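# A look at the structure
Okay, here's what each chain looks like letter by letter:
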Amino acid sequence: KIVLLFWASWSDESMSELSAYSAIYPMAFKNNTEYYQISLDKTRSSWINGLSAAAARGVNVCDFKYWDSPAAVEYHVHKLPAVFLLDETGKIIRKGFSASEFSDFLKNNALN
């Protein structure tokens, strides 16, 4: 499974969620779930600083295209953070959940 998280260093709410997801990464990884995080930052320095500040875990990418990022357009992202849970085929099985809700989801062994 993949948690797809859209975020940006200029969004306080998404930085908070990025940090919260980082904290539960070990539990997600044990449940065969990887993070794929897409930043909507405009510069490499803001992206790198955001990753460092949130102690981000998992795969992290940024194309520096801001809201014009093809991934943000494809997933219809208009607000940050935006979170999707994808199955092994890439199908969206859940969206719009917080790190604490995902933690509860994992604790209930929903992904096993």
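Just above, that's the structure.
About the criteria used
- Residues numbered from 1 in each chain as written.
- Predicted model: local features only at pLDDT ≥ 70, side-chain atom pairs only at ≥ 80, totals over all residues.
- Heavy atoms only, no water.
- Pairing = 2+ DSSP bridges.
- Helix = DSSP H or I, 4+ residues; strand = E, 2+ residues; numbered from the N terminus.
- Axes fitted to C-alpha atoms, helices over the stretch in contact; angles between N-to-C directions.
- Parallel < 35°, antiparallel > 145°, perpendicular 65-115°, else oblique.
- Left-handed = near helix turned anticlockwise from the far one by under 90°.
- Contact = heavy atoms within 4.5 Å.
- Nonpolar A, V, L, I, M, F, W, Y, C, P; charged D, E, K, R; others polar.

## Section: the pairing of strand β5 (residues 92–95)
- Relative to β5, strand β4 (residues 82–86) runs antiparallel, the two sharing three bridges. Residue pairing across strands places L85 opposite R94, the latter belonging to β5.
- Connecting the antiparallel pair β4 and β5 is a turn made up of five residues, with G90 showing a positive phi of about 95°.

## Looking at the packing of helix α1 (residues 12–23) against helix α3 (residues 44–54)
- α3 packs onto α1 with a crossing angle of 50° between their chain directions and a minimal axis gap of 8 Å. Regarding the angle of α1 to α3, the classification is oblique. Pair α1 / α3 crosses with right-handed handedness. Where α1 abuts α3, its residues M15, L18, S19 and S22 lie against G50, A53 and A54.
- Partitioned by chemical class, the residues of the contact of α1 with α3 number four nonpolar, three polar and no charged.

## A few points about the sheet that holds strand β1 (residues 2–7)
- A sheet is described by the order of its strands in space; here five strands give the open sequence β3-β2-β1-β4-β5, paired in mixed fashion. At either margin of the open sheet sits one strand with a lone partner, and together these are β3 (59–62) and β5. Averaged over all pairs of adjacent strands, the angle between their axes in this sheet comes to 20°, without regard to strand direction.
- Of the strand pairs in this sheet, β1 and strand β2 (residues 34–39) are connected by six bridges, and their pairing is parallel. In the sheet register, W7 faces β2, and the bridge partner there is S39.
- Packing against the sheet, α1 makes contact with β1, β2 and β4, and its axis sits at approximately 155° to β1.

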